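Each chain, letter by letter, is given below.
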Amino acid sequence: MTGFADPAMPWLDDALNLERAQAMLRSSVTLPTLDPPSLKVRGVRLVRHHLGRRCLIEYCVDVQHRGLQRQICLLGKVRAKGLNRETIRVMTALRDAGFGSHSADGISVPELAGVISDWRMWLAVKVEGTPVSEYLAGAERTWFAERAADVAQKIHLSGVAGATRHTIENEITILDAALSKAADARPDLDPRIRDVAAACGEMAGSAPTGRFAGIHRDFYGDQIVVAGDRLYILDLDQFCEGDPALDIGNFLAHMTEQSIRLRGEPFAFDDARTSLLERAVRNGVGRTTILIYDLLTLARHLWISTRIPDRGHMTPAILAECERRLERSLVETR
């Protein structure tokens, strides 16, 4: 694959070239089990690309170890502004803190495979499996929801610190910007969206202060992959210091969005939502703050629904659910 143009990442043409990629991977992969000198690239695929910002490339390779040949895939994450050393640090620290490939509790972080500094890329072994989000729509959803709460707890108790701190004030700043764009995109819903934004700000101001710990910050069903009897946590690029309630609330809101998207109404997965919430509360996360972050994340989906072409029809349903929750909250506090 050649002839690819991105002025911010001019090396992508090399990164997507089979022969050049093979030479670079042989000199950059650091996992002994992959036997780098024997590594042979048999396929290159551009998985995602955000022009001028970042991209994800998949390398399918043949490797030999102890006389046995096998095929695996490596994922290379590229960032135009520079190698993401913070994510490398977090993944390494988490694996050292009990998230290795053979952890007794079955909760892991993918294995780092190397760094290609010239391409501002780090490599990890791809986890072949099924996202938890797919199970959340099935008969076993309550079990997987409870496991998701345990995955979150393991992250929060890992002792791995984030390099930055994310507060509920930061969350409201992000939400205000997102809902302003949503209101502009849907002038027919503008007053209602802006009312939700104002009410979310007021509710956030009443949130109890929780403890701070390392959090995922983008925690939802697609970020956990089921591989056999093991769960792998993906995409730790937003890892930071924050309230554990954010991760739980974020996960809950994505379940509501998934219910609207797949079933046309917000309550289809409420049994699993309840299981996740109650497990997280038993794990020591504050219920009130979880529910506030749940609402803030669902409100942010108003904007997401306006910018994804096949989700525009969901905007009114998401808005109505946000309004219903806000009204219920007002009734409960009267």
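Owing to the predicted nature of the structure, the values given are computational and were not obtained by experimental measurement.

### Observations regarding the sheet that holds strand S1 (residues 40-50)
Right, so step 1: Ordered in space as S1-S2-S3-S6-S5, the five strands form an open sheet in which the pairing is antiparallel. Either end of the sheet is taken by a strand with one partner, and the two such strands are S1 and strand S5 (112-116). Strand-to-strand twist in this sheet, taken as the mean axis angle between neighbours without regard to direction, amounts to 25 degrees.
Right, so step 2: Here strand S2 (residues 54-65) runs beside strand S3 (residues 68-79); their pairing, made up of twelve bridges, is antiparallel. Opposite Gln-64, over in S3, you have Gln-69 as the bridge partner.
Right, so step 3: Of the strands in this sheet, S1, S2, S3, S5 and strand S6 (121-125) touch helix H2 (residues 18-28), which is tilted by about 100 degrees from S1.

### Comments concerning the sheet that holds strand S10 (residues 230-233)
Right, so step 1: Strand order across the open sheet formed by four strands is S4-S10-S9-S7, with mixed pairing between neighbours. On the outer flanks of this sheet lie strand S4 (107-108) and strand S7 (130-131), each paired with one strand and no other.
Right, so step 2: Across two bridges, the pairing between S7 and strand S9 (residues 224-227) is antiparallel. The partner of Pro-131 across the bridge, within S9, is Val-225.

### Brief notes about helix H7 (residues 190-205)
Right, so step 1: With 16 residues, H7 should cover 22 Å at 1.5 Å per step; its first-to-last C-alpha distance of 23 Å lies within 8% of that length.
Right, so step 2: By the burial criterion, the buried members of H7 are Ile-193, Val-196, Ala-197, Cys-200, Met-203 and Ala-204. Relative to the axis of H7, the buried residues are bounded by an arc of 130 degrees and lie together on one face. Exposed residues lying more than 90 degrees from the buried face of H7 are Pro-191, Asp-195, Glu-202 and Gly-205.

### Here we look at the state of the cysteines
Right, so step 1: In the structure shown here, the tally under the stated rule is zero disulfides.
Right, so step 2: The thiol of Cys-240 is unpaired, and the distance to the nearest cysteine sulfur, on Cys-200, comes to 20 Å.

Reading the values: the criteria
- Residues numbered from 1 in each chain as written.
- Predicted model: local features only at pLDDT ≥ 70, side-chain atom pairs only at ≥ 80, totals over all residues.
- Heavy atoms only, no water.
- Pairing = 2+ DSSP bridges.
- Helix = DSSP H or I, 4+ residues; strand = E, 2+ residues; numbered from the N terminus.
- Axes fitted to C-alpha atoms, helices over the stretch in contact; angles between N-to-C directions.
- Contact = heavy atoms within 4.5 Å.
- Expected span 1.5 Å × (residues − 1).
- Buried < 20%, exposed > 50% of the residue type's maximum accessible area, 1.4 Å probe, protein only.
- Arc of directions from axis to C-beta.
- Disulfide = S-S within 2.5 Å.

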